[in-house]
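Take a look at the letters that make up each chain.
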Amino acid sequence: MYSFKIDNSVRGDAVLGLTKVDGGIRVAVVADAKECALLLYLSGSHSRQREEKKETARIAFLEEGKIGNVWTMTVLGEDLDRYDYAFEADGVRFEDPHGRSFEGHERWGKKELGNILLKTPVSQPEFDWEDDERQGISYEDVIVYRLHVRGFTRHASSGVENRGTFAGIVEKIPYLKELGVTTVELMPATEFNEVMMRPRQIQHRYQERSKEMKTGLSSSLEMESSETASSETTSRKTDLNSSTSVMEADGRLNYWGYGPSFLFAPKASYAGKGKNPVTEFKNLVKTMHREGLGIVVELFFTGEETPADVVEVARFWVREFHVDGLHISGTAPIALLASDPYLSDTMIWATSWDGIEIAGSGQKKNAKTDPFQRRLAESQIFKKQFAQTRQVSRGKVQEAENGKAASADKANSAEKAKDAGKENGSEKNAEMMGLAVEPKRRTRVLGEYNDGFLVDMRRVLKGDEGQMGALAFRSRRNPDTFGVLNYMASNNGFTMADMVSYDQKHNEANGEENRDGTDYNCSWNCGAEGSVRRKKIRQLRKKQLRNAVLLLMLSQGTPLLLAGDEFGNSQDGNNNAYCQDNEISWLNWNNQKTNADQLEFVKHAIAFRKEHPVFHQPTEPKLMDSLACGQPDVSYHGISAWKPEFDNFRRQFGILYCGDYARKADGTPDDTFFVIYNMHWEPHEFALPTLSAGKKWQVVFQTADEAQNGFYEAGKEPELKSQKKFMAPSRSIAVFIGKTVEKP
């Protein structure tokens, strides 16, 4: 027998969910109901064969403990850790929306368990974080790798012991480090129901009996209203009072995990058999941090959560699981998250921050109440005066040169102001001199995460008209107030391999007659649809993939790589594999050998980007000679040097990067680079910018050079035969480095 006592002496607010207190537990749950109760089950009493219909104890909430629609009470008793719990309101049983973990869905995809009542253990395991520290935020140094927890290692070729789990990712950490990525993003990994359900109409007993009398057939259908009520939860949006419908599996699985979920709990089936999901996820984070990798989780909100719940969920994952960032998808009040002081050192990614006032950006937010913001706003006056001298055309380099002298003088004045301020221990004196002083730049925590880069750069890749302006914009875009996540492929659309292999989607396997998924893929199959054996088409596709990787890695924003794209993962043209828990979605690690050349190229491109900060600067290039060194930080060119052409028919573009504007890890200036983009289907001759005396152009990347797999190792770059011009092959990208050549 059990013996519990309700302590009515505790009053006031309570944290939603379950909280441990001396001698017992305190529970709080939201329910718009006349009565509510806490249900206790002996831990492990749930059955995988059938749903338990009887609880061990039912403890009713007292009316005096109700505040609005929040029911609260403190339960005292011994051995409460032996129990799991759920709730009941007006006869309807439901899970704790704030539960920390759940039992009942430990096995992935069991259709017969799709509609059972999940229980939450009263006791959660302790975890020793030791000296764990979250990774710092630096968008310019981050390289993201986006993966699906199950699909990443579920295939037998993954070679891991714990396939399709958090532990499987841990086993792949050496691979991630070798690849060169710095941060892993997990697609939704909260406790969602992967078994897709649909309502099924049933008949009442008297209707069945009438039918039986008419047909002479026996009916075995029985209505068990109590069982139906216990299995239908409020989170499933089912009419709980209806006696004519039940929920049944429709035969598909929600593989991606977008939809309603228990947002405070890691997914149990991602933990592995007999393992605790909370412990397994924490161990993943801790191990990643120990190996120098960051981790970001995607949290999907349906829009039905309260703003307070959204903020609490975000704080919880940072506080409880030490994650380095949050990708907010679905519908959520991102303005609240952007301004939350608890998240001020956490990366927050959302589709767009347009219209959102960002703290520390110089906007009016908190300027009246926050002394720092007020001081920062005042300094923006000086910044605006300073910026007025920067009359730089984003399209024509010639216009930038016209204002070079004035800009250089102003830049020198600013430097003198800073020096004067430092000599007196503060920049305040410099401001009093009437000289412009730029405010200290705050760490960017917000990140823009959308398909803008994907759409534009895919159109550049396949040679659409009028895309050179987009190439210039996307390659330099790096706002001061938030980071930009750039990617060529995501789960919602074609993989990179399919992007160069299919013109049209092929989603027939989804069971929706190919109506689902976007028709706007910005893809080109290079001459034939799908898998081919023709050598020319296969070679062109590989070249296009090398081009795509460089478009991504040479752009100033934060690059994001979809798992498997580095070795040619294909979904057979399916651009919406949301329900494909099979080899369509699982990574086939055998492709590491099949497409070893592509994997090698991606590794080299990542290492090259990390080695040369000129391609990942903390601020967006100004397109001007702000250092008065004789060259702008970035300049644009056409087939003629210093003459960019943005006509609709142009598919040729050159970008010159001056290494003096970036510093390597050892403090020395970076090298100067010239990148040639010829996205036309015909070769074009480019004039090369003249280097300073003693330097020569050498080849770093040449995607059309199949014999070299598109690149040369550092220190082995060949010198261009002609230092004045270069014939760029069709649909290719070339990267040249200006190096000092010793005289013989």
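This structure is a prediction, so every number in the text was calculated from the model and none was measured.

A. Main features of the overall build of the chain. Helix and strand counts for the chain stand at 18 helices and 29 strands. In the chain, buried positions account for 53% of the 744 residues. With an accessible surface of roughly 33600 Å², the chain has 47% of that area assigned to carbon and sulfur atoms.

B. Region of the structure containing the packing of helix H13 (residues 452–461) against helix H14 (residues 468–476). At a closest axis distance of 9 Å, the pairing of H13 and H14 adopts a crossing angle of 135°. By the criterion of interaxial angle, the relationship of H13 to H14 is oblique. Note on packing geometry: the crossing formed by H13 with H14 is left-handed. Where H13 abuts H14, its residues Gly452, Phe453, Asp456, Met457 and Val460 lie against Ala470, Leu471, Arg474 and Ser475. The class makeup of the residues in the contact of H13 with H14 is 5 nonpolar, 2 polar and 2 charged.

C. Broad picture of the pattern of salt bridges. Within the structure shown, the criterion is met by 30 salt bridges. Arginine 474 is paired through a salt bridge with aspartate 456; the nearest N and O atoms lie 2.8 Å apart. Taken together, the positions of arginine 474 in helix H14 and aspartate 456 in helix H13 put the pair 18 residues apart, joining distant regions of the chain. Each member of the pair, arginine 474 as well as aspartate 456, is classed as buried. Taking the shortest distance from any N to any O, the salt bridge between lysine 462 and aspartate 464 comes out at 3.0 Å. When its relative accessible area of 23% is taken as the criterion, lysine 462 is described as partly exposed.

D. Region of the structure containing the sheet that holds strand S25 (residues 672–678). The sheet built from 5 strands is open, its strands ordered S23-S24-S25-S29-S27 with antiparallel pairing. The sheet is open, and its two borders are formed by strand S23 (634–637) and strand S27 (695–702), each paired with just one other strand. With strand direction ignored, the average angle separating the axes of adjacent strands in the sheet is 20°. The pairing of S23 with strand S24 (residues 652–657) spans 4 bridges and is antiparallel. Pairing of histidine 637 across the sheet is with glycine 654, part of S24.

E. Spotlight on the side chain of aspartate 565. Locating aspartate 565 in the fold gives a position in the loop between strand S22 (558–562) and helix H17 (591–594). The residues touching aspartate 565, leaving out its near neighbours within four places in the chain, are Ala489, Thr495, Met496 and Gln598.

F. Quick look at the side chain of histidine 148. The residue histidine 148 is located in the loop between strand S11 (144–147) and helix H1 (149–153) in this model. For histidine 148, the side chain forms a polar contact with the main-chain nitrogen of arginine 150, separated by 3.1 Å. In this structure the side chain of histidine 148 is engaged in a polar contact, spanning 3.0 Å, whose partner is the backbone nitrogen of glycine 151. Beyond its immediate chain neighbours, meaning those up to four positions away, histidine 148 contacts Met187, Tyr255, Trp256 and Tyr270.

G. Main features of H14. Of all 9 residues making up H14, 7 are buried, and the element is well covered by its neighbours. Of all the residues in H14, the buried ones are Met468, Ala470, Leu471, Ala472, Arg474, Ser475 and Arg476. The secondary structure elements touched by the buried residues of H14 are H13, strand S21 (483–487), helix H16 (535–553), S23, S24 and S25.

H. Geometry of the packing of H16 against helix H18 (residues 596–611). The N-to-C vectors of H16 and H18 enclose an angle of 20°; their axes lie 10 Å apart at closest approach. Classified by the interaxial angle, the pair formed by H16 and H18 is roughly parallel. By crossing handedness, the relation of H16 to H18 is classed as right-handed. When H16 is examined against H18, the residues Lys542, Leu545, Arg546, Val549, Leu550, Leu552 and Met553 are found in contact with a partner set consisting of Asp597, Gln598, Phe601, Val602, Ala605, Ile606 and Arg609. Class assignment for the residues of the contact of H16 with H18 results in 9 nonpolar, 1 polar and 4 charged.

I. Representation of the packing of aromatic side chains. By the definition in use, this model includes 37 aromatic pairs. When the centroid spacing of 4.9 Å and the interplanar angle of 70° are considered together, the rings of phenylalanine 127 and tryptophan 129 count as edge-to-face. Counting every residue linked through ring pairs, the aromatic cluster contains Trp108, Phe166, Phe192, Phe264, Tyr270, Phe281, Phe316, Trp317 and Phe321. Looking at lysine 119, its charged tip hangs above the ring of tyrosine 41, at a distance of 4.8 Å from the centre. Residue placement shows lysine 172 over the ring face of tryptophan 589; its charged tip is 3.7 Å from the ring centre.

What counts as what
- Residues numbered from 1 in each chain as written.
- Predicted model: local features only at pLDDT ≥ 70, side-chain atom pairs only at ≥ 80, totals over all residues.
- Heavy atoms only, no water.
- Helix = DSSP H or I, 4+ residues; strand = E, 2+ residues; numbered from the N terminus.
- Buried < 20%, exposed > 50% of the residue type's maximum accessible area, 1.4 Å probe, protein only.
- Areas by Shrake-Rupley, 256 points an atom, 1.4 Å probe, with all protein chains shown as cover.
- Axes fitted to C-alpha atoms, helices over the stretch in contact; angles between N-to-C directions.
- Parallel < 35°, antiparallel > 145°, perpendicular 65-115°, else oblique.
- Left-handed = near helix turned anticlockwise from the far one by under 90°.
- Contact = heavy atoms within 4.5 Å.
- Nonpolar A, V, L, I, M, F, W, Y, C, P; charged D, E, K, R; others polar.
- Salt bridge = Lys/Arg side-chain N within 4 Å of Asp/Glu carboxyl O.
- Pairing = 2+ DSSP bridges.
- Polar contact = N/O pair within 3.5 Å; in protein donor to acceptor, adjacent residues only side chain to side chain.
- Phe/Tyr/Trp six-rings, centres within 6.5 Å; stacked < 30°, edge-to-face > 60°.
- Lys NZ or Arg CZ within 6 Å of the ring centre and 35° of its normal.

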